[in-house]
Amino acid sequence: MSPLQFIWFLLIGVLFAGFFFLEGFDYGVGMATKTLARNEQEKNQLIATIGPVWDGNEVWLITAGGAMFASFPFWYSALFSGYYLILFLILVGLIIRGVSFEFRAKSPTSKQGVWGATLVLGSFLVPFFFGVMFISMIQGMPLDAKGNMTATFFNYINLFSIVGGVAVVLMSYLHGLNYIALKTTGPVRERAKLQAGKLYWVLYAGLVVFAILLYLQTDFFKLHFTATLAWVVLIVLLTVAAHAAVMKGKELPAFLASGLTFVALVGLLFNGLFPRVMISSISSKYDLLISTASSSPYTLKVMTIVVCVFLPFVLAYIGWTYYIFHKRISHRPESQTGY
C-alpha cells in the first residue's frame, strides 16, 4: 500500500464523517418537524434553521462518492452495484426530502401537510438505510473473486444492520435536537432540550447492543482489538459528554459532542475495514483491499494536487456560510419561511 492510497482511503473517511456531522442534524431537524413542533409556525421555525445550509451539507456526500469513484474505482463499482437497491432508496429519500422544502413553501395551506410528511419520511429513510448499508458491509457480503456481489435479502436486512440503521436515525435525531436548542428561541428550544435529555438513555442501551453485535458479528476486535476498543470507548465518552452538556444547558458543547460521535463512528468503521475496503463473506482471499482497489499512482497524485488547491476555498466558503447564518431563529407566530 502506497502513502497516497492510504491518504485517499483516509480522505474518503473524512468526507463521510463530515457528511454525517453536518447532514446528520439536518435529518434530525426534518424528523423533529413531526415529533417536536406543535403547529405550523413551529415547523416553519425549525425548517428555517436548516434552510440556508441543508443543500450545501449534502455536497459532502456527493464529494465522497466522486472521490471514491476517482480514487478507488473497484470499491465504487462493487459497492454501488451490490447495494443498488439500498442506494436507490437513499436517493428516493434525498429527492423527496429536497423537493419538500420548496413545494411546502409554495403550496396552499391544505396541501402543506403532504410535503411536510415527505420531509419527515426522507429525513428518516436516508440515515436508516445508510446505517443498514455500512453495518451490513462490515459484517461481510458474498463478494466473489471478480468483485461481484450475489447477496440475498437477509445479507442486507438482519438484526445487526437494523440495529445500525436505528442507531444512525437516533443519533441523527439527537444531533438535530441539539442543533435546534442551539439555533432557536421559544418553547420549541426548551422541548428540544427536554426530549434530548430523555432520549440519551435510549441511545445508551442501543450502544450496548451495538457493541455486543460488533464483537459477535465482525472481525474488528480480532484484527484491531486495541484500536476498535478505543473507538468504542470514544463513542461512549462523546455520548456521555453530549448528554451531560444537554443536562447542564450547554448547547454548543452538546451539539459538537453529538456531531463528533458521528465522526468517531465513521472512524470505528474505517479502522475496522483497514486494510480492506470491502469484506467478502465467501473467503478472505476475495476481500477487496486498498492496495488493489485504487486508481493508478498518477491519478492519485493529480487528484491530491487538485484537492490541496481547492479544498481551502471550499472550507472557507462553508465556514463563511455558517457564520452569516449563525443567529438564532426567533419564535414569531406571524413569521413565515421560504424553505
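Attention here is on the structure that accompanies the text. All values reported here derive from a predicted model rather than from experimental measurement. (Residues numbered from 1 in each chain as written. Predicted model: local features only at pLDDT ≥ 70, side-chain atom pairs only at ≥ 80, totals over all residues. Heavy atoms only, no water.)

With that out of the way, let us pick up the pattern of salt bridges. This model, assessed by the stated rule, comprises ten salt bridges. The salt bridge partner of E251 is K193, with a shortest N-O separation of 3.4 Å. With E251 in helix α13 (residues 251-273) and K193 in helix α10 (residues 187-217), this pair connects stretches of sequence that are 58 residues apart. No difference in accessibility class separates E251 from K193, as the two residues are buried. A salt bridge links E251 to R328, with the shortest nitrogen-to-oxygen separation between them at 2.6 Å. With E251 in helix α13 and R328 in the segment after α15 (297-324), this residue pair connects regions lying 77 residues apart in the sequence. Owing to a relative accessible area of 33%, R328 belongs among the partly exposed residues under this scheme. Overlapping salt bridges bring together R189, E190, K193, E251 and R328 as one network. (Salt bridge = Lys/Arg side-chain N within 4 Å of Asp/Glu carboxyl O. Helix = DSSP H or I, 4+ residues; strand = E, 2+ residues; numbered from the N terminus. Buried < 20%, exposed > 50% of the residue type's maximum accessible area, 1.4 Å probe, protein only.)

Most often, soluble globular proteins keep nonpolar side chains buried together rather than apart. In this structure, F16, W75, Y83 and M278 are the most contacted members of the largest nonpolar core, which totals 102 residues. If you tally residues by element for this core, the top one is helix α1 (residues 3-35), at 16 residues. (Core = buried A, V, L, I, M, F, W, Y, C linked by side-chain atoms within 4.5 Å.)

With that out of the way, let us pick up the packing of aromatic side chains. Inspection of the entire model under this criterion finds 31 aromatic pairs. For the ring pair F9 and W75, a centre distance of 6.2 Å and an interplane angle of 35° mean the geometry is tilted. On the criterion of sequence distance, the pair formed by F9 in helix α1 and W75 in helix α5 (residues 73-82) is long-range, its members being 66 residues apart. Each member of the pair, F9 together with W75, is buried. Look at Y76 and F80: their rings are 4.2 Å apart centre to centre, the planes differ by 20°, and that puts the pair in the stacked class. (Phe/Tyr/Trp six-rings, centres within 6.5 Å; stacked < 30°, edge-to-face > 60°.)

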